[in-house]
2 protein chains.
Amino acid sequence: MKTLISNAMIIPMKQEGVFFFGDIGIEGTSISFVGKKPASFIPDKTIDATGMLAMPALVNAHTHLGMQFMRNYKDKEPNLQAWLAEIFPIEDKLTSSDVLASSRLGVIELIQSGITLFNDMYFFAEATARAVNEVGIRANLGLSLFGDLASTKIRIKEREHQIDSAIEASNSRLTLGIAPHAIYTCTKETYQYGHDWAKANHRNMHTHLSETRKEVDDCIAEHQMPPLHYLDSIGALKDVPSILAHCVHLTPSEIELLKGMDASVVHNPSSNCKLASGVAPIGAYLKNGINVAIGCDGSSSNNNQNLFEEIHIASLLSTVFTGHMSTLRPFEALKMATINGAKALGLDKKIGTLEEGKEADILLLDLNKAHLTPLNDPFSALVYAAQASDVDTLFCQGKMVMEKRKVLGLDQQEIQREVNSSWEAIRNR
Amino acid sequence: MKTLISNAMIIPMKQEGVFFFGDIGIEGTSISFVGKKPASFIPDKTIDATGMLAMPALVNAHTHLGMQFMRNYKDKEPNLQAWLAEIFPIEDKLTSSDVLASSRLGVIELIQSGITLFNDMYFFAEATARAVNEVGIRANLGLSLFGDLASTKIRIKEREHQIDSAIEASNSRLTLGIAPHAIYTCTKETYQYGHDWAKANHRNMHTHLSETRKEVDDCIAEHQMPPLHYLDSIGALKDVPSILAHCVHLTPSEIELLKGMDASVVHNPSSNCKLASGVAPIGAYLKNGINVAIGCDGSSSNNNQNLFEEIHIASLLSTVFTGHMSTLRPFEALKMATINGAKALGLDKKIGTLEEGKEADILLLDLNKAHLTPLNDPFSALVYAAQASDVDTLFCQGKMVMEKRKVLGLDQQEIQREVNSSWEAIRNR
């Protein structure tokens with residue numbers, strides 16, 4: 001199958017400021033050219049992308065897709081700790097079929113925001129894997145760990161092979177990782193066991209780190225060192241690629257430590273603001289050469305999966321907190337949501353930019369909008385003016401997963417009904 | 001003409017937490033009932049609003065509709081002052097017909113974001129008035145003042161009667177005010193002359209105030225007092241309703257002074273972040289009983305006219321800056337964008353809430369969206385999850401101005417073409 005995307009404004013995201021008008025060819029799962037169609041490329045299908053912008057599909061590097069139910073729920077708690085106290089009892093009631101419904105809804109939201117890859121941490125990963133495969137997008141699913149070693153061993157034993165068949169069916173779109181929740185919910189032994197499992201199985205580790213001032217203060221009180229030093233001291237991150245969500249309150253010495261690690265930071269600006277956690281100093285991380293990706297966090301603390309909002313808010317926060325407009329230039333902000341996200345998940349050789357030979361994860365955005373007129377700088381436009389609802393068409397691994405805003409392969413109305421009725425049942429349990 | 005909006009989820013915005021399902025009747029320009037349709041109300045037209053949320057249309061309390069051209073333009077300047085140095089020379093080239101094209105585009109954007117009333121400050125107000133009347137929304141148009149007394153007298157003399165006929169034709173949808181730009185661009189005599197004109201003509205005054213730290217520092221260096229005390233000391237705000245845009249850096253003694261004035265603050269969170277100006281302490285203003293409205297500022301410093309984004313960002317900033325999630329509760333954030341905006345412009349008796357007898361400025365928002373499922377708390381949903389693109393239908397003064405996302409009465413495609421060609425011509429002048 002050969003698809004031609006013709007006459008788009010193309011942003012390959014390989015170099016700052018570079019965009020041009022041209023065609024993109026897709027053959028099977030891959031990009032066969034970007035720019036001018038060779039005479040030898042005879043498409044089976046042509047998409048007229050006149051008035052559209054083509055760029056790499058987005059990567060949501062930190063989320064909890066099973067939490068869709070708790071959107072706009074308990075929003076009046078004063079901070080993260082008080083809010084978690086309301087959320088945890090609900091989570092205890094969730095079943096695999098609840099998480100399937102939530103994940104299906106989440107996958108629709110992700111696609112409607114231009115996302116083809118997400119990094120998830122939640123219970124019942126096999127249910128989320130199923131939703132991902134139904135549509136054919138990508139995910140790194142972290143086996144969620146909570147509590148002590150005994151419960152960790154049970155969780156890993158019960159879960160580690162449950163998504164093997166989904167992974168096998170996914171043509172490498174699904175990967176499995178380990179996801180100890182946080183230092184305030186997991187013991188030292190849980191982290192160490194999770195680490196050893198990840199190392200032995202060549203998996204990555206996904207964890208919340210240094211999200212709130214309280215987490216840092218408590219860690220220092222208990223271990224006489226801040227969270228990253230603590231995880232390092234117990235060997236929890238050694239020789240395992242790590243994805244560290246939040247990193248709002250890293251100290252200068254933790255930043256130094258991080259520079260030498262195979263680790264990425266995931267910035268979650270909406271969630272960190274909404275839960276009063278703080279603003280991560282991502283300008284400092286980027287200046288130190290640390291890979292910074294971006295995520296929506298769960299819909300319960302955001303309250304949606306709209307990565308365009310995150311890019312926008314990250315840019316605004318970065319400027320106002322540093323007092324300088326160009327701290328996070330639009331190109332850098334967009335990199336966080338594309339190639340940096342791919343890199344965090346070890347997929348930067350496969351996706352994250354538009355170039356020949358990479359897999360075809362492509363987003364087409366409709367520029368024919370009042371709020372994108374005139375366009376002037378397309379990088380600024382994407383960061384400051386564009387909306388997730390401007391995403392018109394989305395490809396993942398060469399396959400169209402959304403066409404003219406309609407997600408293909410899932411019945412959105414039926415899934416919304418299912419989520420509403422599941423949520424009612426959960427609350428009555 | 002009688003219109004029935006049936007079976008909506010209604011948020012009248014009169015009381016926190018209150019919403020219900022029911023009907024709304026419109027007769028002519030006004031709301032004839034909210035809740036249950038009386039048998040005597042026989043509609044000429046019925047809108048099935050099942051699955052829609054009905055609320056008061058929004059008020060954008062600070063903007064510059066003539067600046068649409070400079071969207072996504074010169075976004076890499078380090079701060080407001082450096083950016084203005086790039087923008088002012090462009091503005092010097094604009095003509096009335098440029099401002100008409102820009103205003104038409106702006107009106108479309110406003111409507112698509114659910115806004116029926118905006119408070120503008122720009123040159124060629126007669127052109128903006130024309131665009132407003134073409135569609136039939138509302139505006140308070142400030143005659144823009146810059147520089148010294150001689151130029152102020154000329155500007156007022158030239159402009160004050162140019163929009164009389166538009167105001168007359170507007171059925172009170174248009175009002176005129178005076179808008180001295182800022183203390184760093186207008187002399188004392190300009191403010192005083194503008195003030196006297198406003199007082200004599202029963203107009204309001206709209207000005208930028210305390211937007212940046214530099215403005216405050218310069219004012220203290222020159223006048224030995226911060227900006228609001230300075231304006232007070234020259235009598236510029238006495239007995240004239242004032243709309244003070246930004247107020248990012250007010251001192252405690254300015255807050256005390258403000259409490260006793262007939263003045264409203266307009267919060268512009270995106271613009272203040274993007275231009276590295278700072279974050280206005282609106283929690284403190286609200287606690288002191290000061291009326292706080294919200295605005296988008298010009299599309300050049302935002303970069304759009306999406307008030308849903310402003311509400312969202314205001315809520316996030318307020319929480320993260322105060323460290324407490326409930327500093328700006330969703331209901332308060334929505335009030336800023338509805339009744340508080342109406343109050344700032346002296347129109348709170350006419351619009352800003354949904355109640356019998358008020359004029360019918362009503363927004364219908366489509367709840368049938370993945371990112372609004374489940375809805376849970378509708379106030380939280382509007383602030384944290386909803387998108388401007390969810391606004392489906394909009395009424396202003398009883399007249400439908402948008403239906404299923406299509407703005408009525410303006411040719412959007414033609415206006416976009418006109419703006420693009422005007423912008424090219426402006427840059428070549």
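Residues numbered from 1 in each chain as written. Chains lettered and ligands numbered in written order. Predicted model: local features only at pLDDT ≥ 70, side-chain atom pairs only at ≥ 80, totals over all residues.

Focus: the overall build of chain A
In step 1: Scanning chain A from N- to C-terminus turns up 16 helices and 17 strands.
In step 2: Computed over C-alpha atoms, the radius of gyration of chain A comes to 21 Å, within 12% of the 22 Å expected from 2.2 N^0.38 for 429 residues, which places it in the range of a compact globule.
In step 3: Principal-axis analysis of the C-alpha atoms gives chain A an extent of 65 × 45 × 45 Å.
In step 4: Counting all 429 residues of chain A, 61% fall into the buried class.
In step 5: For chain A, long-range pairs separated by at least 24 residues make up 74% of all intrachain contacts whose partners lie at least 6 apart in sequence. (Helix = DSSP H or I, 4+ residues; strand = E, 2+ residues; numbered from the N terminus. Rg over C-alpha atoms; globule rule 2.2 N^0.38 Å. Buried ≥ 20, exposed ≤ 12 C-beta atoms within 10 Å, placed from the backbone. Contact = placed C-beta atoms within 7 Å.)

A word on the pairing of strand β12 (residues 263-267) of chain B
Residues and elements named next belong to chain B.
In step 1: Within β12, five of the five residues are buried, which leaves it mostly tucked inside the rest of the structure.
In step 2: The side-chain alternation of β12 yields two buried faces, one formed by A263, V265 and H267 and the other by S264 and V266.
In step 3: Taken together, the four bridges between strand β11 (residues 242-246) and β12 define a ladder with parallel strand orientation. Across the sheet, S242 pairs through a bridge with A263, a residue of β12.
In step 4: Assessed by its sense of winding, the connection that carries the chain from β11 through helix α9 (residues 252-259) to β12 is right-handed.
In step 5: As defined by bridge partners, β12 adjoins strand β13 (residues 291-294) across four bridges and the pair is classed as parallel. In the sheet register, V266 faces β13, and the bridge partner there is A293. (Pairing = 2+ DSSP bridges. Right-handed = clockwise from strand over helix to strand, strands pointing away.)

Concerning helix α16 (residues 412-428) of chain B
Residues and elements named next belong to chain B.
In step 1: Across its 17 residues, α16 extends 25 Å between first and last C-alpha, which sits within 8% of the 24 Å expected from 1.5 Å per residue.
In step 2: Those residues of α16 that sit buried are I415, Q416, V419, S422 and W423. Buried residues of α16, seen end-on, are gathered within an arc of 130 degrees and therefore sit on one face of the element. In α16, those exposed residues whose orientation departs by more than 90 degrees from the buried face are Q413, E414, S421, E424 and N428. (Expected span 1.5 Å × (residues − 1). Arc of directions from axis to C-beta.)

Quick look at the domain arrangement of chain A
When the parts of a complex come together, some accessible area is lost, and that lost area is often used as the size of the interface.
Residue and element names in this part refer to chain A.
In step 1: In terms of domain boundaries, chain A breaks down into domain 1 (2-56 + 359-407) and domain 2 (58-344).
In step 2: Contacts between the two partners involve 22 residues from domain 1, matched on the other side by 25 residues from domain 2.
In step 3: Elements that contribute at least two residues to the side of domain 1 that touches domain 2 include exactly α15 (378-385), β15 (391-396) and β16 (399-403).
In step 4: Among the elements that line the side of domain 1 that touches domain 2, the one with the most residues is α15, at five residues. (Domains from an automatic or database assignment.)

Describing the relation of the copies chain A and chain B
In step 1: Of the transformation superimposing chain A on chain B, the axial component is 0.0 Å and the angular component is 180 degrees, with the fit at an RMSD of 0.0 Å. Taken together, the rotation and translation relating the two chain copies correspond to the operation of a two-fold axis. Taking the C-alpha atom as reference, chain A places A:S389 closest to the rotation axis, 3.4 Å from it.
In step 2: By residue overlap, the copies meet face to face through one surface: 98% of the interface positions of chain A are interface positions in chain B. (Least-squares fit on C-alpha atoms with pLDDT ≥ 70 in both.)

Re the interface of chain A and chain B
In step 1: Each partner contributes to the interface: chain A provides 55 residues, whereas chain B provides 54 residues.
In step 2: If you list the elements that add at least two residues to the side of chain A that touches chain B, you get α2 (96-112), α10 (269-274), α12 (307-322), α15 and α16 (412-428) of chain A.
In step 3: Among the residues making up the side of chain A that touches chain B, the classes are represented as 24 nonpolar, 23 polar and eight charged. (Nonpolar A, V, L, I, M, F, W, Y, C, P; charged D, E, K, R; others polar.)

Re the packing of α2(A) against helix α3 (residues 125-135) of chain A
How two helices pack is summed up by the angle between their axes together with the distance between the axes.
Residues and elements named next belong to chain A.
In step 1: In the contact formed by α2 and α3, the axes pass within 8 Å of each other and the chain directions differ by 40 degrees. On the basis of their axis angle, the class for α2 and α3 is oblique. Seen from above, α2 lies across α3 with right-handed handedness. Along its contact with α2, which presents S96, V99, L100, S103, R104, V107 and I111, the element α3 presents E126, A127, T128, R130, A131, V132 and V135. (Axes fitted to C-alpha atoms, helices over the stretch in contact; angles between N-to-C directions. Parallel < 35°, antiparallel > 145°, perpendicular 65-115°, else oblique. Left-handed = near helix turned anticlockwise from the far one by under 90°.)

Quick word on the nonpolar core
In step 1: Core analysis: the biggest nonpolar cluster contains 292 residues, and A:A54, A:I111, B:A54 and B:I111 have the highest contact counts within it.
In step 2: Ignoring any residue separated from it by four or fewer positions in sequence, one finds A:I111 in contact with A:V135, A:I137, A:L394, A:V401, A:M402 and A:V407. (Core = buried A, V, L, I, M, F, W, Y, C linked by C-beta atoms within 7 Å.)

Concerning α3(A)
In step 1: Among the 11 residues in α3(A), eight count as buried, and that is most of the element.
In step 2: Taken from the residues just after α3(A), A:G136 is the one with a positive phi, measuring 95 degrees.

Quick notes on the environment of A:E77
In step 1: Counting through the fold element by element, A:E77 comes out in the loop between β6 (58-63) and α1 (80-91).
In step 2: When neighbours within four sequence positions are excluded, A:E77 is seen to be in contact with A:A82, A:W83, A:E86 and B:M325.

Regarding the environment of A:L105
In step 1: Structurally, the position occupied by A:L105 is in helix α2.
In step 2: Sequence separation of A:L105 and A:Q416 is 311 residues, and the distance between their C-alpha atoms is 6.8 Å.
In step 3: Aside from chain neighbours lying at most four places away, what touches A:L105 is A:Q68, A:I415, A:Q416, A:V419, B:A370 and B:T373.

Notes on the confidence of the model for chain A
Detailed reading of predicted coordinates is not advised where the pLDDT is low.
Residue and element names in this part refer to chain A.
In step 1: Across chain A, pLDDT averages 96, with 100% of residues at or above 70.
In step 2: Element-level mean pLDDT values for chain A span from 87 in α1 up to 99 in strand β5 (residues 52-56).
In step 3: Per the prediction output, this complex has pTM 0.97; the corresponding ipTM is 0.97. (pLDDT = per-residue confidence, 0-100.)

Quick look at the packing of helix α2 (residues 96-112) of chain B against α16(B)
Residue and element names in this part refer to chain B.
In step 1: For the pair α2 and α16, interaxial distance at closest approach is 9 Å and the crossing angle is 140 degrees. Comparing their axes, α16 and α2 come out oblique. Remark: the crossing between α2 and α16 carries left-handed chirality. Seen from α2, the contacting residues are D98, A101, S102, R104, L105 and I108; seen from α16, they are Q412, I415, Q416, E418, V419, S422 and I426.
In step 2: Taken together, the residues that form the contact of α2 with α16 break down as six nonpolar, four polar and three charged.

Examining unusual backbone geometry
All names here are of chain A.
In step 1: Here the residue pair N302 and N303 is connected by a cis peptide bond, since its omega of 20 degrees sits within 30 degrees of zero.
In step 2: Considering the arrangement of structural elements, one finds N303 in the loop between β13 (291-294) and α12.
In step 3: The backbone of N7 shows a phi angle near 65 degrees, a positive value even though the residue is not glycine.
In step 4: Relative to the assigned elements, N7 resides in strand β1 (residues 2-10).

Considerations on the environment of A:L231
Residues and elements named next belong to chain A.
In step 1: Mapped onto the elements of the fold, L231 is located in helix α8 (residues 227-233).
In step 2: Considered as a pair, L231 and Q192 are 39 residues apart in the sequence and their alpha carbons are 9.1 Å apart.
In step 3: Excluding residues within four positions of it along the chain, L231 makes contact with I183, Y191, A236 and L237.

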